[in-house]
Amino acid sequence: METASLPAVTVDINNGRKKIQIRPGTSLLAGLARNGVFLPSACGGNARCGYCKVRVINPAAPPSELELPLLSESERASGVRLGCQTKPIGDMAVEIPEEIFSIKRFSGKVVRKQPLTYDIIGLTIELASPKNMDFIAGQYVQVKSMPYDGKEAVLRDFSIASPPSRNSLVDLMIRRTKNGIFTGWAFDHLKEGAPITFSGPYGAFRATQTDAPMLMVCGSTGLAPIWSVLQDLTEKKCKRRIRCFFGTLTQKDLFMTEDIKKLESVLPDFRFFPALSNEPAQSGWAGERGLITDVVRRLVPDCSVYEAYLCGSPGMINACISVLTQCGLACDKIFYDKFA
Amino acid sequence: MTSHEDNADLKKLLGPSRYSAQGFLGTDGRRPEDIIRDDEATLKKLGVEKSRLVEALRSASAAAEKALGAPVAVSDGVTAESRDWRGRTPSPFPSEGTFSKGETVFTDEKTGDSFFVSPLSLHLIDKHGFFQGKGSPYRVEPDIAARMLGLIG
């Protein structure tokens, strides 16, 4: 509960990088947001998601019972708290990742909604305010749904599928989640022309600036950040060797394959391998078959010179990391965006 | 339900919310603590320890996750398939953290029985003995699960 009668307290962010005034009793999550600093949050400030972490430099205070399960031992020891549960009653100094300062709230409208597969849609959002978003290929945004059928608005993360150069239109790929509140709204209620809001950009997944060959492995909507990175590299006339693997169960789960395949004639050393793990033997599919990890191992038996970029389910990423390290790739050359 | 047994808001906690569109009670008219007691009695009658059932569900789910969506054999005529979605979902009980979205579907090709297990539903069974109410998407019938996993004849 905010305390209107008490004087505002000062919160110093990142050693003077920004100082804000908030009312005593206001959570850091809310107080920072009111001052244009948007910590990620998926639960609306209820100590459920654990996204809104900040490091409290001064004064030190132990985390509450609600926070403990969401903080690691090292985080607790270094003063990390949940922004939604930290309510300054006096001046406070905190530390947040520097990139959070570039996160903004955006509003726009859906100008295109199209099915990509039976359970994945593509959305294109035209930005209205601000009119452009600066981001790095591989980052994600947090989209807010609208209430429907008695269900509250919720926030969900989606990787940006469009390239940074096209910064007034944002493409997203959304897969229907079973009984999902957000995806129920996006699939069944959201129409072309409808207003939509989101915050971003978030995330550290991105291509390095080296010349190392790139091994990209993704599944389902994990293609979104990979597609953004590929378009960006194409525009930058990238000369790196790139091997891109897209694993799905059957042909009906594939999408965007023709667009990606076209890059083989644009980028100087790019090869694309869609691979199916559960396609009927008699289907006529002439491409790669098997678990994506087995396909990678077969086609790139020595990964030692590569950097790997992985995006998909935790199971897929864990399996890929295991295979790639067995094939000679150092762990610090593996970058991933886990769906969790 | 460990420390929540006396919580008058238990039904509200387990009902539909911003975190779970359908909640955890389904169409079951019983009180949560009665659901737990009845399922506990079912397992006792079958002679199956809850921990053994949880371990079998966890082990089969892990095998299915490694197969990246392709079906894996669990026991005679029973398969498990893993599905993943982006994000995490919180436990309905405060301070229990969040769990990966996704599920494993267990299917018995001979009887047509099937049920779903998610990391969260497995946690609720493990920590609280809560198999969810009948009609809930992630309700697990203890006797059917025990049979399909080969824990009883």
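First, a word on scope: everything that follows refers to the structure included in this document. All values derive from a computational prediction rather than experimental measurement.

What follows deals with the side chain of Ser82(B). Residues and elements named next belong to chain B. Its location among the elements puts serine 82 in strand β2 (residues 78-83). The class for serine 82 is buried, based on a relative accessible area of 10%. If sequence neighbours within four positions are ignored, serine 82 has contacts with Ala64, Glu65, Gly69, Glu103 and Thr104.

On the side of chain B, 32 residues touch chain A, which itself brings 36 residues to the contact. Contact between chain A and chain B buries roughly 2,900 Å² in total, counting both sides, with carbon and sulfur atoms accounting for 54%. Linking chain A with chain B are one salt bridge. Glu103(B) serves as the salt-bridge partner of Lys178(A), at 3.2 Å between the closest nitrogen and oxygen. Across the chain A-chain B interface, the total number found is five residue pairs in polar contact (both at pLDDT 80 or more). When residues of the side of chain A that touches chain B are traced back to their parent elements, those giving at least two are β9 (155-159), α6 (292-299) and α7 (314-326) of chain A. Sorting elements by how many residues they give to the side of chain A that touches chain B places α7(A) first, with four residues. Within the side of chain A that touches chain B, the residues separate by chemical class into 15 nonpolar, eleven polar and ten charged.

Residues and elements named next belong to chain A. By size, the foremost hydrophobic cluster in this structure holds 33 residues, and its most contacted members are Met173, Met216, Ile226, Trp227, Leu230, Ile242 and Phe270. Listed by contribution, the elements that provide at least two residues to this core are β12 (214-219), α4 (223-235), β13 (242-248), β14 (270-276) and β16 (307-312). The element that contributes the greatest number of residues to this core is α4, accounting for seven residues. Contact partners of phenylalanine 270, with chain neighbours within four places excluded, come to Leu230, Ile242, Arg243, Cys244, Ile260, Leu263 and Glu264. By size, the runner-up hydrophobic cluster in this structure holds 29 residues, among which are Val11, Ile13, Ala33 and Phe38.

The next subject is the side chain of Ser121(B). Residues and elements named next belong to chain B. Structurally, the position occupied by serine 121 is in helix α4 (residues 119-128). Of the polar contacts made by the side chain of serine 121, one reaches the backbone nitrogen of serine 118; its length is 2.8 Å. Setting aside anything within four residues of it in sequence, one finds serine 121 in contact with Phe116, Gln132 and Tyr138.

The next thing to look at is α4(B). Residue and element names in this part refer to chain B. Counting buried positions over the ten residues of α4 gives seven, a clear majority of the element. Taken together, the buried positions of α4 are Leu120, Ser121, Leu122, His123, Leu124, Ile125 and His128. Buried-residue contacts for α4 involve α2 (32-46), α3 (50-66), β3 (88-90), β4 (98-100) and β6 (114-117). Remark: glycine 129 follows α4 within two positions and exhibits a positive phi of approximately 65 degrees.

Our focus in this paragraph is the packing of α6(A) against α7(A). Residues and elements named next belong to chain A. Two elements in contact, α6 and α7, have axes separated by 9 Å at closest approach and are oriented at 20 degrees. On the basis of their axis angle, the class for α6 and α7 is roughly parallel. Pair α6 / α7 crosses with right-handed handedness. Touching Ile292, Thr293, Val296 and Arg297 of α6 are Met316, Ala319, Cys320, Val323, Leu324 and Gln326, all from α7. When its residues are assigned to classes, the contact of α6 with α7 shows seven nonpolar, two polar and one charged.

The rules behind these values
Residues numbered from 1 in each chain as written. Chains lettered and ligands numbered in written order. Predicted model: local features only at pLDDT ≥ 70, side-chain atom pairs only at ≥ 80, totals over all residues. Heavy atoms only, no water. Helix = DSSP H or I, 4+ residues; strand = E, 2+ residues; numbered from the N terminus. Buried < 20%, exposed > 50% of the residue type's maximum accessible area, 1.4 Å probe, protein only. Contact = heavy atoms within 4.5 Å. Buried area = accessible area lost by both parts, 1.4 Å probe. Salt bridge = Lys/Arg side-chain N within 4 Å of Asp/Glu carboxyl O. Polar contact = N/O pair within 3.5 Å; in protein donor to acceptor, adjacent residues only side chain to side chain. Nonpolar A, V, L, I, M, F, W, Y, C, P; charged D, E, K, R; others polar. Core = buried A, V, L, I, M, F, W, Y, C linked by side-chain atoms within 4.5 Å. Axes fitted to C-alpha atoms, helices over the stretch in contact; angles between N-to-C directions. Parallel < 35°, antiparallel > 145°, perpendicular 65-115°, else oblique. Left-handed = near helix turned anticlockwise from the far one by under 90°.

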